[in-house]
Structure formats: structure tokens, C-alpha cells
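Take a look at the letters that make up each chain.
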Amino acid sequence: MTTPVIGVLALQGDVREHLIALAAADAVARPVRRPEELAEIDGLVIPGGESTTISKLAVLFGVMEPLRARVRDGMPVYGTCAGMIMLADKILDPRSGQETIGGIDMIVRRNAFGRQNESFEAAVDVRGVEGDPVEGVFIRAPWVESVGAEAEVLAEHGGHIVAVRQGNALATSFHPELTGDHRVHGLFVEMVRANRTPASL
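Residue numbers here run from 1 along each chain, matching the order of that chain's written sequence. Reporting in this predicted model follows two pLDDT cut-offs: at least 70 for local features of residues, and 80 or more for side-chain atom pairs to be given and counted; totals over whole chains, interfaces and linings ignore these cut-offs and use all residues. Just so you know, side-chain values use all the structure's heavy atoms and leave hydrogens and water out.

Focus: the overall build of the chain
The condition is simple: Going along the chain from the N terminus, every DSSP run of H or I of four or more residues is numbered as a helix, and every run of E of two or more is numbered as a strand. Our radius of gyration looks at C-alpha atoms and nothing else; its globule reference is 2.2 Å times the residue count to the power 0.38. Using a 1.4 Å probe on the protein chains alone, a residue whose accessible area is under 20% of its type maximum counts as buried, one over 50% counts as exposed, and one in between counts as partly exposed. Contacts: residue pairs with any heavy atoms within 4.5 Å of one another.
Along the backbone of the chain there are six helices and twelve strands. Taking 2.2 N^0.38 as the reference for a compact globule, 201 residues should give roughly 17 Å; the C-alpha atoms of the chain span a radius of gyration of 15 Å, in line with that estimate. Structurally, the chain occupies a C-alpha span of about 45 × 40 × 35 Å along its principal axes. Out of the 201 residues belonging to the chain, those deemed buried represent 51%. By sequence separation, contacts in the chain at least 24 residues apart represent 66% of the contacts at least 6 residues apart.

Right, here's the structure in full:
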């Protein structure tokens, strides 16, 4: 089977770090800014950054609706931090005009763990990631207030949900791309491979 092609939404945020992590996890990684680039990938990472800015730029660049359509159609997608907010069906405290892509039946609280100067690292046990706990980097991180019946909680920290999966959509409050540990990206790459398999038979 050919190597999966996974895009990183390159509108704002830590795009380069995700491209490096995906490449280390045996994917072809490329930045995505336009609808035609979105059509050429097997899966997509939505990076951390500022969720309101990413939302507005996605509309401005014309990728919001095509992205929603591809997620509805089952394209694997992984959101970290602000990306988690973008994948939530509902934000508890949205900014004015803030939109989401949706895809995971969860309610997310923005900046729940505190502001920039309250950032921290913590070991997180993530279901589906073998070996030692993942080192989670939490930067102005959200947490998940609640999930619907279809969403699976993969990790918690301090009594709060910090990793969720629903079908082909994965989201984490923290930034695994900043640690040099590529196991969470490896999990996502395997999700993309599994999604491509039926078409290749």
C-alpha cells in the first residue's frame, strides 16, 4: 500500500512541527491552505494556534465548507489544542462569529487550563498508544466538558477529558508534536491507513 498523504491545515499555528511529526510517523506530509489541496490528501491535522483566527481564516480561504464536507464523508482528521476546539460540535464559550468544523459530539471549554503563563507538561495515559504515558504539553489548552454517546474518551488529566476519538476524528488538548514522541501521530497515521484499506482491495 502506498504511503498515506496527510495534510496540515496551514493557516495559523505550529504547522512545521506537525509536518515533521507526520513524516517521522511514515506519512507524506504537506501543508494545506486551499480547497484544491484539501482534495489531494487522505487525512488532515488541524494544529494548535488560536481557534478564532483559524476559524476566520478557514472561511476567508474558502476551505471551511469543503473541510466540513470531507469530515462528514469520513476523512480522518486530528486536531490538537485549537484543533480540538475546531472539531467540537459545540464550544461552551465561543468568541463572536467563531465557527467550528465539527465531527466530534463533544462540548469544549476554551483556555480551560489557564492562560499562556499557566502552560505545563504532564504525563498522560492515552488509550491506543502503547508503552509509557505520552508527555502532554498543555498551552492555553482546552478541555472537554462532556461527550456524546458516539465519542470515546481516550485520556483524562486532573479529572478533565483531554483526548477523544469519534470514528475517524481524533482530538487532544495537548501538543504531542512538540515533544519528539511521535506515537500519537503514529496512531493517527494508522487511522488514515485503515480508512484507505477498503478502497485498495
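This is not the end of the story, as more comes after the structure.
Section: the pairing of strand β12 (residues 169–172)
The criterion, for reference: DSSP-based pairing: two strands are paired if at least 2 bridges between them are found.
Burial along β12 is two-sided: Ala169 and Ala171 facing one way and Leu170 and Thr172 facing the other are all buried. With four bridges joining them, strand β4 (residues 77–80) and β12 adopt parallel strand pairing. Of the residues in β12, the one forming a bridge with tyrosine 78 is leucine 170. Relative to β12, strand β11 (residues 160–166) runs antiparallel, the two sharing four bridges. In the strand pairing of β12, alanine 163 is matched with threonine 172. Counted along the chain from β11 to the antiparallel partner β12, the turn is two residues long, and its residue glycine 167 has a positive phi close to 60°.

Quick notes on the pattern of salt bridges
Quick note on the threshold: Whenever Lys or Arg places a side-chain nitrogen within 4 Å of a carboxyl oxygen from Asp or Glu, that contact is recorded as a salt bridge.
Enumeration over the complete set of coordinates arrives at eleven salt bridges. The salt bridge involving glutamate 40 is made with arginine 30; its shortest N-O contact spans 3.7 Å. Within this pair, whereas glutamate 40 is found in the loop between α2 (35–38) and β3 (43–46), its partner arginine 30 is found in strand β2 (residues 28–32), the two being separated by ten residues in sequence. Overall, arginine 30 belongs to the partly exposed group, its relative accessible area being 31%. If you follow the salt bridges from partner to partner, you end up with Arg34, Glu36 and Glu37 in one network.

Side note on unusual backbone geometry
Peptide bonds are mostly trans, and most non-glycine residues show a negative phi. Positive phi, normally seen in glycine, also occurs at aspartate 26, with a value near 70°. Within the element layout of this structure, aspartate 26 appears in the loop between α1 (15–24) and β2. Notably, cysteine 81 is not glycine yet its phi reads approximately 55°, a positive angle.

Side note on the nonpolar core
What counts here: Among buried residues, the Ala, Val, Leu, Ile, Met, Phe, Trp, Tyr and Cys ones that are joined through side-chain atoms within 4.5 Å form a nonpolar core.
With 34 residues, the main nonpolar core has Leu9, Leu44, Ile46, Leu67, Ile104 and Met106 as its most contacted residues. Counting residues per element, this core draws most heavily on helix α5 (residues 82–87), which supplies five residues. Residues Ile6, Val45, Phe113 and Val134 belong to the second largest nonpolar core, which totals 31 residues.

Quick look at the packing of aromatic side chains
Under the convention used in this document: Ring pairs shown here join Phe, Tyr and Trp side chains whose ring centres sit within 6.5 Å, with only the six-membered ring taken for Trp; geometry is labelled stacked below 30 degrees between planes, edge-to-face above 60, and tilted in between.
Within this structure, the stated rule accounts for six aromatic pairs. A ring pair is formed by tyrosine 78 and phenylalanine 188, whose centres lie 5.8 Å apart and whose planes are at 45°; its orientation type is tilted. Of the two residues, tyrosine 78 is situated in strand β4 and phenylalanine 188 in helix α6 (residues 183–200); the sequence distance between them amounts to 110 residues. Residue tyrosine 78 is classed as buried on the basis of its relative accessible area, which comes to 0%. Centre to centre, the rings of phenylalanine 120 and phenylalanine 138 are 4.7 Å apart; their planes meet at 5°, and the pair counts as stacked. Residue phenylalanine 120 is located in strand β7 (residues 120–124), and its partner phenylalanine 138 is located in strand β8 (residues 134–138); the two are separated by 18 residues in the primary sequence. A relative accessible area of 24% places phenylalanine 120 in the partly exposed class.

A look at the pairing of strand β1 (residues 5–9)
The criterion, for reference: A clockwise path from the first strand over the helix to the second, with the strands pointing away from the viewer, defines a right-handed crossover.
Within β1, five of the five residues are buried, which leaves the element mostly enclosed by the surrounding structure. One ladder, built from five bridges, connects β1 with β2; its direction is parallel. In the sheet register, leucine 9 faces β2, and the bridge partner there is valine 32. Note that the unit made of β1, α1 and β2 has a crossover that is right-handed.

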